[in-house]
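As a plain string of letters, each chain reads:
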Amino acid sequence: MSKKQKVLFIENRNKTYFWDAVSKNILKKHEVFWIVQNNLFKPNFGKSFHIPYPKKSQLSKVKNDDFSFIESTDRMINYFGINADHYSYYYNQINNIIEKVNPDMVFGEATQFFELMVVKLCKEKKIPFYNPSPSSYPPSKFFFFKNDTKFPFELNKKNGFDNNISQIINSINERKAKPDYMLGKKIKVSPFKRFKQLLEYLKGERFATPRLDRKICIEAKKKYLKNKLNKISVNYNTIPKNKKILLYPMQLQPEANIDIWGNNFKDQNKLILNISEKIPKNWILAVKTNPKSHYEINSDFIDIIKNRENIFLLKKDTSMNEIFNKSDAVASITGTVAIECILASKPLINLGNTFIKEAI
């Protein structure tokens, strides 16, 4: 009888329930283990290691730059004003669990600080880390990316491709297909669940969950900034006819797509300004905000739009179909629009280090 492989899952809030169901179905052939950071989410199958929330005496300053990349991606540090004093504690706790389990493979996202610590340790210990991520195109499928990259594990070519691949490509080119993130419904959190989250925060889960008062303030400011944006945005047909158009669709932040995979370009204000300064005089930069714009919109962004004559901020209801067809080229960090450009033979400036580079 062959030895059971050890599979380690990483808790990821509500997505834990999906992977818990998966773990139930593999228990006969595999040993299942969990690392749980947020103790509110408790898997039912396998053995769980719940990391205790650190006490104040267990916090310490990071003494070297071992966590510099993780810190640069951490939404709690970048947007909600906490520091990295908990990093050493969590890293040691996670390392102890991995040493104890000695897994053959790990499944988890690479977004939150503790997930990236697991990735870091898996790299050091040469343990495969499978990061599930929606494929965008075709919809209702997902990749397993390697570690914290946007490069998928090699496809088993024996399985072949979808028989209707031509139909999928045509539907993307004709802009009939929509990527996964535009099809998903917004999940409403019940008052009871919010209350439980607040209780967990009070118990010590303060490193992946923002303070409620700070969250409310940031959300109120976001609404105010969106109103200001509406006043300075323009219709795409007001762009001068004698200018060529470089389209830049902004990406949502915080999000792994840009904070992790496009980390070198995650300051979209700086990127937009740099592009506007470097494009030829007969070109303009058309900026389209994300339909679900979040914290990437700020006061500095508004100032840049106001002060650069060659930047046109498009109205939020501008159809992507219209502006994509009208544009002469597109710039993107890790956006799905890169796939659309390749399939439509549209000139593309692709900045992020993703599998898209292999298709250019």
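Basis of the calculations
Residues numbered from 1 in each chain as written. Predicted model: local features only at pLDDT ≥ 70, side-chain atom pairs only at ≥ 80, totals over all residues. Heavy atoms only, no water. Helix = DSSP H or I, 4+ residues; strand = E, 2+ residues; numbered from the N terminus. Rg over C-alpha atoms; globule rule 2.2 N^0.38 Å. Buried < 20%, exposed > 50% of the residue type's maximum accessible area, 1.4 Å probe, protein only. Areas by Shrake-Rupley, 256 points an atom, 1.4 Å probe, with all protein chains shown as cover. Lys, Arg positive; Asp, Glu negative; His and termini not counted. Charge placed at Lys NZ, Arg CZ, Asp CG, Glu CD. Pairing = 2+ DSSP bridges. Phe/Tyr/Trp six-rings, centres within 6.5 Å; stacked < 30°, edge-to-face > 60°. Axes fitted to C-alpha atoms, helices over the stretch in contact; angles between N-to-C directions. Contact = heavy atoms within 4.5 Å. Right-handed = clockwise from strand over helix to strand, strands pointing away.

K.L.:
Could you give an account of the overall build of the protein, with specific residues and numbers?
P.N.:
The secondary structure content of the protein amounts to 14 helices and eleven strands. In summary, the protein has a C-alpha radius of gyration of 22 Å against a globular reference of 21 Å for 360 residues, a match within 12%. If one aligns the C-alpha atoms of the protein with their principal axes, the spans along those axes are about 70 × 50 × 40 Å. Across the 360 residues in the protein, those meeting the buried criterion constitute 45%. When the accessible surface of the protein is summed, it comes to about 20300 Å², and 52% of that surface belongs to carbon and sulfur atoms. In the protein, 61 side chains carry a positive charge and 35 a negative one; their mean positions are 4 Å apart.

K.L.:
Describe the pairing of strand β2 (residues 30-36), and please don't skip the residues or the numbers.
P.N.:
Most of β2 is tucked away: five of the seven residues are buried. Relative to β2, strand β1 (residues 5-10) is paired through six bridges, and the arrangement is parallel. For I10, the partnering residue across the bridge sits in β2 and is I35. Across four bridges, the pairing between β2 and strand β3 (residues 47-50) is parallel. Counterpart to W34 in the pairing with β3 is S48.

K.L.:
Tell me about unusual backbone geometry, and please be specific about residues and values.
P.N.:
Trans is the common state for peptide bonds, and a negative phi is the common state for residues other than glycine. For the bond from Q253 to P254, the omega torsion is 0 degrees, close enough to zero to count as cis. Note that P254 resides in the loop between β7 (244-249) and α10 (256-259). A positive phi angle, near 50 degrees, is found at N102, a position not held by glycine. By relative accessible area, N102 is classed as exposed at 51%.

K.L.:
Explain the packing of aromatic side chains to me, and be specific about the residues and the numbers.
P.N.:
The full count for this structure, using the stated rule, is 26 aromatic pairs. Between Y17 and F41, the aromatic rings sit 6.1 Å apart at their centres with planes inclined by 50 degrees, giving tilted as the arrangement. Here Y17, found in helix α1 (residues 15-26), pairs with F41, found in the loop between β2 and β3; they are 24 residues apart in sequence, far enough to count as distant. Y17 sits in the partly exposed class, given a relative accessible area of 43%. F41 sits in the buried class, given a relative accessible area of 3%. The structure contains a cluster of three or more aromatic residues connected by ring pairs, namely F9, F18, W19, W34, F107, Y130, F142, F144 and F153.

K.L.:
Lay out the sheet that holds strand β10 (residues 329-332) with the relevant residues and their values.
P.N.:
In space, the five strands of this open sheet follow the order β9-β8-β7-β10-β11, with parallel pairing throughout. The open sheet has two free edges, formed respectively by β9 (311-313) and β11 (348-350), since each of these has just one partner strand. Between one strand axis and the next, the sheet turns by 20 degrees as a mean value, whatever way the strands run. The sheet contact formed by β10 and β11 spans three bridges and is parallel. Its bridge partner being in β11, V330 is matched across the sheet by L348.

K.L.:
How would you summarise the side chain of N263 if you had to cite specific residues and measurements?
P.N.:
Note on placement: N263 falls in the loop between α10 and α11 (268-278). The exposure class of N263 is buried, given its relative accessible area of 16%. With residues up to four places along the chain from it excluded, the contact list for N263 reads F69, S72, T73 and I258.

K.L.:
Please provide a residue-by-residue account of the pairing of β1, values included.
P.N.:
This β-α-β element, β1 to α1 to β2, shows right-handed connectivity. Two strands pair when backbone bridges link them, and β1 and strand β4 (residues 105-107) are joined in this way by three bridges, in the parallel orientation. Residue pairing across strands places F9 opposite F107, the latter belonging to β4.

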